[in-house]
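Reading the structure
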Amino acid sequence: MAPDVDSTATRLRHQLTARLADDGWLRSPAWRAAVESVPRHEFVRRFYRETDAPGLTTWAPVTPELSGVKEWLQRAYADETLVTQFGGREIDWNDPKPISGAHPTSSSTLPALVVRMLEELQVHDGMKVLEIGTGTGYSTALMCHRLAPGRVTSIETDPDVAARARDALNRCGYAPRLVVGDGLAGDPEGAPYDRTIATCGVRHVPCAWVRQTRPGGLILATLRGWMRSLGLVRLTVGHDERAEGRFIAGDPSFMIARQQDAPESLGVIPAPDDGISRSTPYGPDVLTSAGSGFVAQLAMPGARFFSMPADDGTPCTYVLNATDESFAVLTRKTPKNNEENEEWEEWNVRQGGPVALWDVVENALGAWRAAGSPMPTEFGITVTAEDQRVWLGSPDGPNWRLPVPAEAGGGPE
Ligand SMILES: C[S@@+](CC[C@H](N)C(=O)[O-])C[C@H]1O[C@@H](n2cnc3c(N)ncnc32)[C@H](O)[C@@H]1O
């Protein structure tokens, strides 16, 4: 016999709430009441879950019809990210198949991250909140429960996603102001806001968010680059389009705002004799390790990397800058003899183009190591109308410019 949806959902929702509280993410009674009340399953009637199949990341479809009501509800109330769109295209739910190696473009975020961000938003009764990235509408609904729908505006760039979220919110009795459009422009009509929260990642903090958040208000967003996420920042808005704050966590990661996604082409792969070679103590692992990867992302905001053998079979890591064709190619140095020795730990870099990318990375890593290799939470960010900088320690410490395009008030990337 199929389980009763409402009573099963209520029981599972209470279990999820207890788990989020036990894990320390859900701390305040008001947000706890919201998580206990908002029926997540209404926002994820159909979704894809990540499987543990080896190889390329694979997602499997979950609906009440395909999986049974019990499994669908259990997964809807698991602390998991549930993907609802890939590659910006709607899923054909008439015949859903497992999907591999695709690019998720909309989801219901991991509940632990949703509540962690809502707690960090430091809202009080009566505040007005702007959310960028409505997605399924679940986080919008939590805010409606906490603050009242009339205090919540949410912007979604994808019209199909926005329409589904509107339906789900209406089914649950919430009617916040929903805007379909590019959230990077904010919502001038509804401004000023007390709080601005983004559930898509951004390469820089849009000046519109700073203008539209009242002085003393907060902006909470994950910054990211094309190589990796930089983490969660909370900025306090000042006067004269200025905002400043710190990274409050290094691990959260969101899908990038669609308008800021990396160009499809990685760029031109340099020929084997292009560029100038030298030794370097740093190999490609500095791009993937937690602290050094954060610094490398700051140092090379326009870069991406991939590993591929050269024509002669030598394993190479290519670091390519999409904006100006600068490149760095990393290879292990050939050992002087065939025995294993420390020579293997040395790397060779071949660089070319207008910016010596690996020099820039080495300088940034030098400053970071001189400061004791601090975690992302030791970094902060200052946003002005002229530029945006991430700094280490304090605003006058070592700093790196974020890529703000000229039309958004920045200099050349
Ligand atoms: C991770 S999902 C949001 C999760 C959502 N808050 C929830 O609880 O379901 C990110 C969403 O941001 C949307 N998005 C991406 N770029 C955007 C932009 N420039 N403006 C508004 N929404 C955007 C995506 O279409 C996607 O639906």
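This next bit is on the overall build of the protein. A count of helices and strands for the protein gives eleven helices and 20 strands. Its C-alpha atoms give the protein a radius of gyration of 23 Å, near enough to 22 Å, the size a compact globule of 413 residues would have. In terms of overall dimensions, the protein has a C-alpha envelope of 70 × 55 × 35 Å along the principal axes. Residue burial in the protein is summarised as follows: out of 413 residues, 52% are buried. Taking all contacts inside the protein whose residues are at least 6 apart in sequence as the whole, residues at least 24 apart take part in 61%. Accessible surface, the protein: about 18600 Å² in total, of which carbon and sulfur atoms supply 50%. The average position of the 40 basic charges and that of the 54 acidic charges among the side chains of the protein differ by 6 Å.

Around the ligand, the surrounding shell holds 28 residues, and the nearest of these are Ser-106, Thr-136, Ser-139, Glu-156 and Gln-259. A distance of 3.1 Å is found between a nitrogen atom of the ligand and a backbone nitrogen or oxygen belonging to Gly-133. Measuring from a nitrogen atom of the ligand, one finds a backbone N or O atom of Thr-157 at 3.2 Å. When the ligand is considered free in solution it has 600 Å² of accessible area, and contact with the protein chains removes 99% of it. Put simply, the parts of the chain that give the shell around the ligand at least two residues each are strand S5 (104–108), strand S6 (129–132), helix H6 (138–147) and strand S7 (152–156). In terms of residue count, S5 provides more of the shell around the ligand than any other element does, four residues in total.

This brings us to the packing of aromatic side chains. Any two aromatic rings considered together are summarised by their centre-to-centre distance and by the angle between their planes. Under the defined criterion, the tally for this structure stands at eight aromatic pairs. With a centroid separation of 5.4 Å and an interplanar angle of 90°, the aromatic rings of Tyr-48 and Phe-86 are classed as edge-to-face. Here Tyr-48, found in strand S1 (residues 47–50), pairs with Phe-86, found in strand S3 (residues 82–86); they are 38 residues apart in sequence, far enough to count as distant. Look at Phe-86 and you get buried, because its relative accessible area is 7%. Considering the side-chain rings of Phe-306 and Tyr-318, the 5.4 Å spacing of their centres and the 15° angle between planes classify their relative orientation as stacked. Separated by twelve residues along the polypeptide, Phe-306 in strand S14 (residues 303–309) and Tyr-318 in strand S15 (residues 315–321) bring together distant segments of the chain. Since its relative accessible area comes to 5%, Tyr-318 is described here as buried. Joined through ring pairs, the aromatic side chains of Tyr-48, Trp-59, Phe-86 and Trp-93 make up one cluster. The ring centre of Tyr-193 lies 5.1 Å from the NZ or CZ of Lys-128, which sits over that ring. Over the aromatic face of Trp-226 sits the side chain of Arg-304, whose NZ or CZ is 5.9 Å from the ring centroid.

For the rest of this paragraph, the subject is the sheet that holds S14. On the basis of which strands lie adjacent, the open sheet formed by five strands has the order S13-S17-S16-S15-S14 and antiparallel pairing. Strand pairing shows two members of the sheet lacking a second neighbour, strand S13 (276–280) and S14, which therefore form its edges. Geometrically, the sheet is characterised by an average inter-axis angle of 25° between neighbouring strands, direction not taken into account. Note that S13 and strand S17 (residues 347–352) share five bridges and pair antiparallel. Paired with Ser-277 across the strands is Arg-350, a residue of S17. Against the sheet, helix H11 (residues 357–370) contacts S13, S15, strand S16 (327–332) and S17, and its axis sits at roughly 25° relative to S13.

So, about the nonpolar core. One recurring pattern in soluble globular proteins is that nonpolar side chains are buried together. With 49 residues, the main nonpolar core has Trp-358 and Phe-379 as its most contacted residues. Apart from residues lying up to four places away in sequence, Trp-358 is in contact with Arg-278, Thr-280, Tyr-282, Gly-283, Val-286, Leu-287, Val-319, Ala-328, Leu-330, Val-349 and Gln-351. Counting residues in each nonpolar core, the second largest holds 44 residues, with Val-123, Leu-142, Leu-147 and Val-152 among its members.

At a minimum axis separation of 8 Å, helix H1 (residues 5–22) and helix H2 (residues 29–37) run at an interaxial angle of 150°. Taken together, the axis directions place H1 and H2 in an arrangement best described as roughly antiparallel. For the pair H1 and H2, the crossing hand works out as right-handed. For the pair H1 and H2, contact is made by Arg-13, His-14, Thr-17, Ala-18, Leu-20 and Ala-21 and by Arg-32, Val-35, Glu-36 and Ser-37, respectively.

Along the chain, the position of Asp-187 falls in the loop between strand S8 (177–180) and strand S9 (193–198). Setting aside residues up to four positions removed in sequence, Asp-187 forms contacts with Leu-130, Thr-153, Ile-155, Arg-177, Val-179, Tyr-193 and Gln-212.

With that settled, consider the environment of Gly-137. By secondary structure assignment, the location of Gly-137 is in the loop between S6 and H6. Under the relative-accessibility criterion, Gly-137 is labelled buried at 0%. The spacing of Gly-137 and Trp-25 is 112 residues in sequence and 20 Å in space, taken between C-alpha atoms. If sequence neighbours within four positions are ignored, Gly-137 has contacts with Phe-43, Ala-165 and Leu-169.

Remark: helix H10 (residues 290–299) packs on H11, axes separated minimally by 9 Å, with the N-to-C direction vectors making an angle of 130°. In this view, H10 runs oblique relative to H11, as classed from their interaxial angle. In this structure, H10 meets H11 at a crossing whose hand is right-handed. In this structure, H10 uses Gly-291, Ser-292, Val-295, Ala-296 and Ala-299 to contact H11, whose residues at the interface are Val-360, Val-361, Ala-364, Leu-365 and Trp-368.

Next up on the list: the sheet that holds strand S20 (residues 399–401). In spatial order, the strands read S8-S7-S6-S9-S10-S11-S12-S18-S19-S20; together these ten strands make up an open sheet with mixed pairing. Whereas interior strands pair on both sides, the edge strands pair on one side only; in this sheet they are S8 and S20. Looking at each pair of strands side by side, their axes are set apart by 20° on average, direction ignored. In terms of strand pairing, strand S19 (residues 388–392) meets S20 through three bridges, oriented antiparallel. Residue Val-390 lies in a different strand from S20, and its bridge partner there is Trp-400.

Rules and cut-offs
Sequence positions are assigned chain by chain, starting from 1 and proceeding in written order. Reporting of local features is limited, given that this is a predicted model, to residues whose pLDDT is at least 70; pairs of side-chain atoms are given and counted only at 80 or more, and all residues count toward the totals for whole chains, interfaces and linings. Side-chain metrics rest on all non-hydrogen atoms present in the structure, leaving aside hydrogens and water. Helix and strand definitions follow DSSP, with helices as H or I runs of at least four residues and strands as E runs of at least two, each counted in order from the N terminus. Between the two quantities, the radius of gyration covers C-alpha atoms and the globule rule is 2.2 Å times the number of residues to the power 0.38. Using a 1.4 Å probe on the protein chains alone, a residue whose accessible area is under 20% of its type maximum counts as buried, one over 50% counts as exposed, and one in between counts as partly exposed. It only takes one pair of heavy atoms within 4.5 Å for two residues to be counted as in contact. Note on areas: Shrake-Rupley, 1.4 Å probe, and residue coverage restricted to the protein chains presented here. In this tally, Asp and Glu contribute negative charge and Lys and Arg positive charge; neither His nor the terminal groups of the chain are included. All charge positions are set by atom: Lys at NZ, Arg at CZ, Asp at CG, Glu at CD. When we say a residue is near a molecule or strand, we mean one of its heavy atoms is within 4 Å of it. For the purposes of these results, a polar contact is taken to be a pair of N or O atoms within 3.5 Å, where, inside protein, one atom must be able to donate a hydrogen and its partner to accept one; residues adjacent in sequence count only when each atom of the pair is a side-chain atom. Working definition: a ring pair exists when centres of Phe, Tyr or Trp rings (six-membered ring for Trp) sit within 6.5 Å. Plane angles under 30 degrees give stacked, over 60 give edge-to-face, the rest tilted. Criterion for a charge above a ring: Lys NZ or Arg CZ within 6 Å of the ring centre, and within 35 degrees of the ring normal. We treat two strands as partners when DSSP finds at least two bridges between them. Helix axes are fitted only over the stretch in contact, all axes being lines through C-alpha atoms; the angle between N-to-C directions runs from 0 to 180 degrees. Nonpolar cores were defined as sets of buried Ala, Val, Leu, Ile, Met, Phe, Trp, Tyr and Cys residues, with membership established by side-chain atoms within 4.5 Å. Put simply, angles under 35 degrees are roughly parallel, angles over 145 are roughly antiparallel, angles from 65 to 115 are roughly perpendicular, and the rest are oblique. Crossings are assigned a handedness: left-handed for a near helix turned anticlockwise from the far helix by less than a right angle, right-handed for a clockwise turn.

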